[in-house]
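Single-letter residue listing:
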Amino acid sequence: MPITDDAGLERALSADTIAVIGCSTNEEKAAHRIPAYLQRHGYRVIPVNPFADEVLGEPAYDELADVDEEVDVVNVFRPSEEAPEILEAVRDRHAERGDAGIAWLQLGISHDEAAADAEAEGIDVIQDRCMKVEHGRLLG
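Quantities reported herein were computed from a predicted structural model and do not represent experimental measurements.

Asks: Which residues make up the layout of surface pockets, and what are the values?
Replies: To locate leftover empty space, one rolls a probe as large as a water molecule over the atoms. Here the largest pocket defines a volume of roughly 600 Å³. Taken together, 23 residues make up the lining of the largest pocket; nearest its centre are Ile21, Val48, Pro50, Asp62 and Ile86. Tallying contributions element by element places helix α3 (residues 83–97) first for the lining of the largest pocket, with seven residues.

Asks: An account of the nonpolar core is needed here, citing residue identities and associated values.
Replies: Grouped together as the largest cluster of nonpolar side chains are 27 residues, with contacts concentrated most on Ile18, Leu38, Val73, Trp104, Ile126 and Met131. In terms of residue count, the dominant contributor to this core is helix α2 (residues 30–40) (five residues). If we skip the residues at most four places from it in the chain, Ile18 touches Leu38, Tyr43, Arg44, Val45, Ile46, Val73, Asn75 and Met131. Counting 23 residues, the second largest nonpolar core, distinct from the first, contains Ile21, Val74, Val76 and Leu105.

Asks: Please give an account of unusual backbone geometry that cites residues and values.
Replies: Generally, phi is negative for residues other than glycine and the peptide bonds are trans, each holding for most cases. With a phi angle near 55 degrees, Leu56 is a residue other than glycine that sits in the positive phi range. Its location among the elements puts Leu56 in the loop between β3 (54–55) and β4 (58–59). Of note in this structure, Asp128 is not a glycine but carries a positive phi near 55 degrees. Mapped onto the elements, Asp128 comes out in the loop between β7 (124–126) and α5 (131–138).

Cut-offs used in this document
Residues numbered from 1 in each chain as written. Predicted model: local features only at pLDDT ≥ 70, side-chain atom pairs only at ≥ 80, totals over all residues. Heavy atoms only, no water. 1 Å grid on protein atoms, 1.4 Å probe; cavity = no way out; pocket = protein on both sides within 12 Å on 5 of 7 lines; lining within 4 Å. Points joined across faces, edges and corners; volume = space filled by probe spheres on them. Helix = DSSP H or I, 4+ residues; strand = E, 2+ residues; numbered from the N terminus. Core = buried A, V, L, I, M, F, W, Y, C linked by side-chain atoms within 4.5 Å. Buried < 20%, exposed > 50% of the residue type's maximum accessible area, 1.4 Å probe, protein only. Contact = heavy atoms within 4.5 Å.

The values reported here are purely geometric and, on their own, carry no functional implication.
Structure follows, in structure tokens:
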């Protein structure tokens with residue numbers, strides 16, 4: 001069952017490194033503003049966007065599997081219908097590297113079946129919540 005309690009959210013927010021799937025170069029989009037907020041608050045943000053070379057001063061990766069650094073949280077800014085494929089990539093990474101233990105699907109993004117599959121493999125899942133809002137509410 002996805003994390004909904006404050007203790008679980010705080011545990012997720014205690015991470016250091018966040019890979020952001022769908023991190024945008026467009027400063028007007030939430031997929032840029034929220035990672036920028038997280039970066040300003042001390043998180044290492046690793047953009048994953050196959051259409052960008054760099055986002056927020058960091059090199060962008062084409063896909064999660066390409067990220068060399070250890071990843072604590074995978075934050076997702078892609079439509080819900082892409083969640084199964086993305087969470088499969090998180091599961092693969094978690095199985096191969098032992099990192100990426102938390103998948104955070106942003107506000108408006110959810111997929112219960114894909115979330116259950118990820119949780120069955122030891123990944124904590126948060127759905128339909130904004131990481132910036134929860135950070136501000138719990139740690140701000």
